[in-house]
Amino acid sequence: MFKESFKYYKSKWPVPDFKYVINFTGQGSDEEVKVFHLNDCEDTASLGLPLGLNPVHHWQLFTLNNRPGLVVIRHAFTPQGQRYWMARSLRDYPKAPNRVNLNERLFQKSVLDDWWTSLQNCSDKDEARRMKISMRWTTLGYHHDWDTKVYSEELHSQFPVDLAKLSNFFASVLGYSYYEAQAAIVNYYPIGTTLAGHTDHSEQNLEAPLFSFSFGQTAIFLIGGQTREEKPSALFLESGDVLVMSRESRLCYHAVPRVMKAREETWNSLIESAKESSLEPPTQPTKRLRTEVPCITSKDTQAAHEWGMDPILYHQVTDEVFWSSFKSYLHDSRININVRQVLYQNQRTLNDMCGS
């Protein structure tokens, strides 16, 4: 049943009927959806708020009646916040010592070490396209070994502080007080690509939730049961959505059979008032330079440092000239950041079994 659904939504011709894909707007098959309410927002006021996120009371949270442990969060990220994490995923996360899927026999070491810079400096259109569509994933923290399907202490680098703090924030909001982000896979999906059905069971700690952040073009996501015999539910994941897999859903089969154009590119809809703040006062001659970057306030700088973020990048992404290369990439691509906790609460390494 899972394979049949995957083939159906993957089909280029005939084009599948999307009326049964859950879109969390009260249309189609949304009778499967239940609004999820946080208990007093779990005292989120005391947690502070990372830059680029909307206040928690603006979020919309949903669960599926037949998929216990699955939570979808909408409207958590601002457009500027989406841009920040897109830029981090493209410019920074694929850099060495993080691991990428690119084959060392097919690409120069400079591309393997810094794919994004190499892509921007490539003047050959055909080579640039090959470089772009070849990048499919990068791993952070504990690096997944695709041959053995396990993690090891030898394949381990520093996990990005900003992504760890972001993930830990979402975990705290949902009541996971002891969550610690330790491994991530960043997937890059050009439109037309897919991810086959699988389960995520490589982590020692399967009790901790998995956080999946979607940015860019829209995906159809399938979530089934713990065997391939169960028919999966199909749902749209749009830019800025957060998918949380916990409890029973943590070991369910899931897949991405289709990446498609978004209904609205929300990451390109920066708040006008934010852009206007960089312009000269009305009494001055109106000279709207798109290359201007708003001043970095001390408040934003302090907040960025508190959350391990890059304050310069956070403001650079509002500059349309700086943003143009990222915008071009995302015109036909999706980015997905999957974050996991590998170890138990009291474990310090994979070889330390005291937490199991």
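Rules of the game
Residues numbered from 1 in each chain as written. Predicted model: local features only at pLDDT ≥ 70, side-chain atom pairs only at ≥ 80, totals over all residues. Heavy atoms only, no water. Helix = DSSP H or I, 4+ residues; strand = E, 2+ residues; numbered from the N terminus. Contact = heavy atoms within 4.5 Å. Areas by Shrake-Rupley, 256 points an atom, 1.4 Å probe, with all protein chains shown as cover. Pairing = 2+ DSSP bridges. Phe/Tyr/Trp six-rings, centres within 6.5 Å; stacked < 30°, edge-to-face > 60°. Buried < 20%, exposed > 50% of the residue type's maximum accessible area, 1.4 Å probe, protein only. Lys NZ or Arg CZ within 6 Å of the ring centre and 35° of its normal. Axes fitted to C-alpha atoms, helices over the stretch in contact; angles between N-to-C directions. Parallel < 35°, antiparallel > 145°, perpendicular 65-115°, else oblique. Nonpolar A, V, L, I, M, F, W, Y, C, P; charged D, E, K, R; others polar. Polar contact = N/O pair within 3.5 Å; in protein donor to acceptor, adjacent residues only side chain to side chain.

**What to know about the overall build of the chain**
1) Next: Scanning the chain for helices and strands turns up ten helices and 13 strands.
2) Next: Of the contacts formed within the chain by residues at least 6 apart in sequence, a portion of 76% connects residues at least 24 apart.
3) Next: For the chain, the accessible area works out to roughly 17500 Å², and carbon and sulfur atoms hold 51% of it.

**Re the sheet that holds strand β2 (residues 60-64)**
1) Next: Taken together, nine strands build an open sheet; the order of strands is β1-β2-β3-β11-β8-β13-β6-β5-β4 and the sheet is antiparallel. Strands with a single pairing partner mark the edges of an open sheet, and in this sheet they are β1 (33-35) and β4 (99-100).
2) Next: For β2 and strand β3 (residues 67-74), the ladder comprises five bridges, and the chain directions are antiparallel. Residue pairing across strands places Leu 64 opposite Arg 67, the latter belonging to β3.

**Concerning the packing of aromatic side chains**
1) Next: Evaluation of the coordinates by the stated rule reveals 23 aromatic pairs.
2) Next: Their ring planes at 85 degrees and their centres at 6.1 Å tell us that Phe 169 and Phe 170 sit as a pair that is edge-to-face. Just as Phe 169 is buried, Phe 170 falls in that class too.
3) Next: An aromatic cluster of three or more residues is present, and its members are Trp 59, Phe 77, Phe 169, Phe 170, Phe 213, Phe 215 and Trp 307.
4) Next: The ring of Phe 107 has Arg 130 lying over it, and the distance from NZ or CZ to the ring centre is 4.2 Å.

**Details of the packing of helix α2 (residues 79-92) against helix α10 (residues 320-330)**
1) Next: Across the interface, α2 lies against α10 with an axial gap of 11 Å and an inter-helix angle of 70 degrees. Considering the angle they form, α2 stands roughly perpendicular to α10. Each of Arg 83, Met 86, Ala 87, Leu 90 and Arg 91 in α2 lies in contact with α10, whose residues at this interface are Glu 320, Phe 322, Trp 323, Phe 326, Tyr 329 and Leu 330.
2) Next: A breakdown of the residues in the contact of α2 with α10 according to their chemical character gives eight nonpolar, no polar and three charged.

**Section: the pairing of strand β12 (residues 254-260)**
1) Next: With respect to burial, β12 is a largely interior element, seven of its seven residues being buried.
2) Next: Judged from the two bridges that link them, strand β7 (residues 195-198) and β12 form a sheet pairing that is antiparallel. From the neighbouring strand, Leu 195 faces β12, where its bridge partner is Val 256.
3) Next: With five bridges connecting them, strand β9 (residues 218-223) and β12 associate as antiparallel partners. In the sheet register, Leu 222 faces β12, and the bridge partner there is Ala 255.

**Notes on the environment of Ser 246**
1) Next: As for its placement among the helices and strands, Ser 246 is situated in the loop between β11 (242-245) and β12.
2) Next: Exposure remark for Ser 246: the relative accessible area of 4% places this residue in the buried category.
3) Next: Separated by 175 residues in the primary sequence, Ser 246 and Val 71 place their C-alpha atoms 8.2 Å from one another.
4) Next: Excluding residues that lie within four positions of it along the chain, Ser 246 makes contacts with Pro 68, Gly 69, Tyr 176 and Pro 209.
5) Next: Polar contacts involving the side chain of Ser 246 include one to the side chain of Tyr 176, which spans 3.3 Å.

**Looking at the side chain of Thr 78**
1) Next: Within the element layout of this structure, Thr 78 appears in the loop between β3 and α2.
2) Next: A relative accessible area of 17% means that Thr 78 is categorised as buried.
3) Next: For Thr 78, the contacting residues outside a window of four places in its chain are Gly 52, Leu 53 and Asn 54.

Limitation: the analysis is restricted to geometry and does not speak to function.
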